[in-house]
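Observations on the three-dimensional arrangement
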Amino acid sequence: MKILVAIAFLLILGSLASALVFLMRDKGKSNRTVQALAVRVGLSVTLFLLILLAYRLGWIQPTGIR
């Protein structure tokens with residue numbers, strides 16, 4: 001589960017970085033920045049739902065603050 005969350009987090013950061021590159025390169029003349037940010041939002045929501053599902057199925061347990 002940790003590996004899956006780490007991979008999803010890296011994909012989210014990659015999408016954010018690509019949006020920045022598209023923003024700097026296109027100077028607002030295309031929709032690639034918006035599409036990259038939409039992908040980032042979709043990945044973030046998917047990761048959140050995956051964590052909720054994993055908790056409900058008992059794959060992960062809360063540890064609290066130590």
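Here, every reference points to the structure presented above.
Being a predicted model, the structure only gives us computed values, none of them experimental.

1. Looking at the overall build of the protein chain
Scanning the protein chain from terminus to terminus reveals two helices and zero strands. The dimensions of the protein chain, computed from C-alpha atoms along their principal axes, are 45 × 20 × 20 Å. Counting the 66 residues in the protein chain, one finds 14% classified as buried. Of the contacts formed within the protein chain by residues at least 6 apart in sequence, a portion of 50% connects residues at least 24 apart. Accessible area for the protein chain stands at about 5500 Å²; split by element, carbon and sulfur atoms hold 71% of it.

2. A word on helix α2 (residues 32-57)
Between its first and last C-alpha atoms α2 spans 37 Å; for 26 residues at 1.5 Å apiece the expected length is 38 Å, and the two agree. Within α2 the residues assigned to the buried category are T33, A36, L47 and A54. Each element contacted by the buried residues of α2 is listed here: α1 (2-26). Just downstream of α2 lies G58, where phi reads positive at about 85°.

3. Quick notes on the packing of α1 against α2
Taken N-terminus to C-terminus, the directions of α1 and α2 make an angle of 165°; their axes are 8 Å apart at the nearest point. In this view, α1 runs roughly antiparallel relative to α2, as classed from their interaxial angle. Crossing of α1 over α2 shows left-handed handedness. Per-class residue counts for the contact of α1 with α2 are 16 nonpolar, four polar and four charged.

4. Overview of the side chain of T33
You can see T33 is positioned in helix α2. Beyond its immediate chain neighbours, meaning those up to four positions away, T33 contacts A19, F22 and L23.

5. A look at a nonpolar patch on the surface
Among the surface-exposed residues, M1, L4, I51, L53, L57 and W59 lie close enough to one another that they form a single nonpolar patch of about 580 Å² accessible area. With three residues, α2 is the single largest residue contributor to the nonpolar patch.

Conventions and cut-offs
Residues numbered from 1 in each chain as written. Predicted model: local features only at pLDDT ≥ 70, side-chain atom pairs only at ≥ 80, totals over all residues. Heavy atoms only, no water. Helix = DSSP H or I, 4+ residues; strand = E, 2+ residues; numbered from the N terminus. Buried < 20%, exposed > 50% of the residue type's maximum accessible area, 1.4 Å probe, protein only. Contact = heavy atoms within 4.5 Å. Areas by Shrake-Rupley, 256 points an atom, 1.4 Å probe, with all protein chains shown as cover. Expected span 1.5 Å × (residues − 1). Axes fitted to C-alpha atoms, helices over the stretch in contact; angles between N-to-C directions. Parallel < 35°, antiparallel > 145°, perpendicular 65-115°, else oblique. Left-handed = near helix turned anticlockwise from the far one by under 90°. Nonpolar A, V, L, I, M, F, W, Y, C, P; charged D, E, K, R; others polar. Patch = residues over 30% accessible without salt bridge, like charges linked within 9 Å, V, L, I, M, F, W, Y side chains within 5 Å. Salt bridge = Lys/Arg side-chain N within 4 Å of Asp/Glu carboxyl O.

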